[in-house]
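Chain by chain, the residues:
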Amino acid sequence: MDCQMPVMDGYAAARSIRLLESQRGTRTPILAVTASAFQGEKEQCLAAGMDDVLIKPYSRDEFIAMIARWGRPLL
């Protein structure tokens, strides 16, 4: 999830997704990607319902590690 999207930012989108999921009884990991390195950014993402955060610039290894933590194995 990009935190700085036009129309609806990533925080609002994550909250909307979590609301829908609470009604359906489902949960999908939401992984944040942001260029903001401000203190409290990770906490703001987590409070909005995101599960993890990558702050740009990030390495290929950091990206792969995040996907491995939250991804589901393909069947």
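First, a word on what this report is: a plain description of the structure on this page. Here the structure is a predicted model, which means the values were calculated and not measured.

### Observations regarding the packing of aromatic side chains
- Enumeration over the complete set of coordinates arrives at 1 aromatic pair.
- Judged by centre distance (6.1 Å) and plane angle (20°), the ring pair of Tyr-58 and Phe-63 falls under stacked.
- Using a relative accessible area of 34% as the deciding quantity, one classes Tyr-58 as partly exposed.

### Thoughts on the pattern of salt bridges
- Going through the model one piece at a time under the given rule, you end up with 4 salt bridges.
- Notably, a salt bridge pairs Glu-21 with Arg-18, separated by 2.5 Å at the nearest N-O pair. Residue Glu-21 and its partner Arg-18 are both found in helix α1 (residues 10-24); the two are separated by 3 residues, about one turn of the helix.
- Notably, a salt bridge pairs Asp-51 with Arg-27, separated by 2.5 Å at the nearest N-O pair. On the criterion of sequence distance, the pair formed by Asp-51 in the loop between α2 (41-47) and β2 (52-55) and Arg-27 in the loop between α1 and β1 (31-34) is long-range, its members being 24 residues apart.

### Some remarks on the side chain of Asp-52
- Turning to its location among the elements, Asp-52 is positioned in strand β2.
- At 2.9 Å, the side chain of Asp-52 forms a polar contact with the side chain of Arg-69.
- Polar contacts involving the side chain of Asp-52 include one to the side chain of Trp-70, which spans 2.9 Å.
- Those residues in contact with Asp-52 that sit more than four places away from it in its chain are Ile-30, Leu-31, Ala-32, Lys-42, Leu-46, Met-66, Arg-69 and Trp-70.

Quick notes on the rules
- Residues numbered from 1 in each chain as written.
- Predicted model: local features only at pLDDT ≥ 70, side-chain atom pairs only at ≥ 80, totals over all residues.
- Heavy atoms only, no water.
- Phe/Tyr/Trp six-rings, centres within 6.5 Å; stacked < 30°, edge-to-face > 60°.
- Buried < 20%, exposed > 50% of the residue type's maximum accessible area, 1.4 Å probe, protein only.
- Salt bridge = Lys/Arg side-chain N within 4 Å of Asp/Glu carboxyl O.
- Helix = DSSP H or I, 4+ residues; strand = E, 2+ residues; numbered from the N terminus.
- Polar contact = N/O pair within 3.5 Å; in protein donor to acceptor, adjacent residues only side chain to side chain.
- Contact = heavy atoms within 4.5 Å.

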